[in-house]
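Structure at a glance
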Amino acid sequence: DIRHQLCLASAAFKLCRGFLRKPAKVLMGGPMQGIEQENLTAPVLPETQGILGLPKEVFVESETEPCIRCGRCIDVCPTEISPVMITLAAEKDLFSAAETWGAGLCIECGNCSYVCPSHRPMVELIQHARTGIKKLLDKNKPLADKFKR
């Protein structure tokens, strides 16, 4: 019986002999789908696919700019949704519009973020939209449904 234990990202890096130098950015979840961590106190769960500590030579900080509507994100989307429209709606908290454009179908592969020439945080914005959609749906459920098991 193998039991998974919870540990912090800092402990996971120590188990792997630590860093050669301080990372410029730490990603939890892998290079394409990873979410940037502000510090190393995030828990590493059995579902965690990867943790990356990127040195400044690998990570190039780029300024996020407004969407230029180039359509590259649409071209690379494996689920054929419109990441541009979902993220524009998410920035304005228009969650029902984001749902209409297919936010629920996103598999969070990160292709859209990778190809975006404006360096927009596409996956994070889509996650924001999905959270907002869930809250909208929960808010609109009848009270009796909230207590069903």
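Below: a short report on this structure. (Residues numbered from 1 in each chain as written. Predicted model: local features only at pLDDT ≥ 70, side-chain atom pairs only at ≥ 80, totals over all residues. Heavy atoms only, no water.)

What follows is about the sheet that holds strand E3 (residues 35-37). As summarised here, the arrangement of the three strands in space is E3-E2-E5, forming an open sheet in which the pairing is antiparallel. Single-partner strands in this sheet number two, and they are E3 and strand E5 (51-54). On average, adjacent strands in this sheet sit at an angle of 30° to one another, irrespective of strand direction. Pairing between strand E2 (residues 25-28) and E5: four bridges, direction antiparallel. Within the sheet, the bridge partner assigned to Met 28 lies in E5 and is Ile 51. (Pairing = 2+ DSSP bridges. Helix = DSSP H or I, 4+ residues; strand = E, 2+ residues; numbered from the N terminus. Axes fitted to C-alpha atoms, helices over the stretch in contact; angles between N-to-C directions.)

Moving on to the pattern of salt bridges. Summed over all chains, the structure comprises five salt bridges. In this structure, Glu 57 and Arg 21 form a salt bridge, with 3.2 Å as the shortest nitrogen-oxygen distance. Note that Glu 57 is positioned in the loop between E5 and helix H2 (72-76) and Arg 21 in the loop between helix H1 (9-15) and E2, a separation of 36 residues in sequence. Here Glu 108 ties to Arg 130 by a salt bridge, and the two come within 3.5 Å at their closest N and O atoms. Note that Glu 108 is positioned in the loop between helix H4 (95-100) and helix H5 (111-115) and Arg 130 in helix H6 (residues 122-140), a separation of 22 residues in sequence. (Salt bridge = Lys/Arg side-chain N within 4 Å of Asp/Glu carboxyl O.)

Note that all results are geometric; they support no functional claim without further evidence.
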